[in-house]
Amino acid sequence: MNRRIFLLTGVGLTLSACATTSAPLVGADGKPLPRVYRITDAGEVSFRFLDAMNTLRAAKSLPPVAFDASLNAAAETHSRDMSVQNRPWHFGSDGSSPLMRVERSGFTGRFLGENISETYETELETLSSWMAQPDTRAVIMDPLATRLGFAWFQEPGGKIWWTLVTGT
């Protein structure tokens, strides 16, 4: 009896090792569909992004950036507004420009640039995407930048609207 149980268990384990895993879901273009990245700890996301950005800047001997409450507020307002408008662009639903939003938030320094994104990607994947494009990389690597605003808005379906604002 024990011998049969042992043999059946061995056969079962062998067959389970041969089982195939399910393939990732793909869209009409043949690319894998995005997986939802749920943001559960805002502080971790912010500081992971800040650390990664400063690591990239340090590799080019650029000064680090630090969070600025006013720039964070401007970035957060714009992330929510892009979601309402359902399009990633630099102008607010009220016609405001990035410079106007930064001034409204109370920032007294000099506005340098803004990066935006509509994605399901993590903050580090978004930073990597921005670094891959010359215009958005220039905002991140601006040697004059010392202040940073970084925020996002995540919709219930998982889409994330990212905004980065730099200043000095």
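Residues numbered from 1 in each chain as written. Predicted model: local features only at pLDDT ≥ 70, side-chain atom pairs only at ≥ 80, totals over all residues. Heavy atoms only, no water.

### Regarding unusual backbone geometry
What counts is decided by this rule: Helix and strand labels come from DSSP, where a helix needs a run of H or I of at least four residues and a strand needs a run of E of at least two; each type is numbered from the N terminus.
Backbone geometry places Ser-61, a non-glycine residue, at a positive phi of 60°. Tracing the sequence through the fold places Ser-61 in the loop between helix 2 (42-59) and strand 1 (66-67). Phi at Asn-86 takes a positive value of approximately 55°, unusual for a residue other than glycine. Within the secondary structure, Asn-86 sits in the loop between helix 3 (69-85) and helix 4 (98-104).

### Some details on the sheet that holds strand 4 (residues 160-167)
Quick note on the threshold: At least two DSSP bridges between two strands are required for those strands to pair. Only heavy atoms matter for contacts: two residues are in contact if any of them lie within 4.5 Å across the pair. Helix axes use the C-alpha atoms of the stretch in contact, all axes being lines fitted to C-alpha atoms, and the angles between their N-to-C directions lie in the range 0 to 180 degrees.
Pairing is mixed in the open sheet, where four strands are placed in the order 1-3-4-2. In the strand order of this sheet, the two ends are held by strand 1 and strand 2 (111-119), each with one partner. Across eight bridges, the pairing between strand 3 (residues 147-154) and strand 4 is antiparallel. Across the sheet, Phe-150 pairs through a bridge with Leu-164, a residue of strand 4. Together, strand 1, strand 2, strand 3 and strand 4 form the strand contacts of helix 3, whose direction differs from that of strand 3 by roughly 30°. On top of the sheet, helix 5 (residues 123-131) reaches strand 2, strand 3 and strand 4; it is set at about 120° to strand 2, its chief contact.

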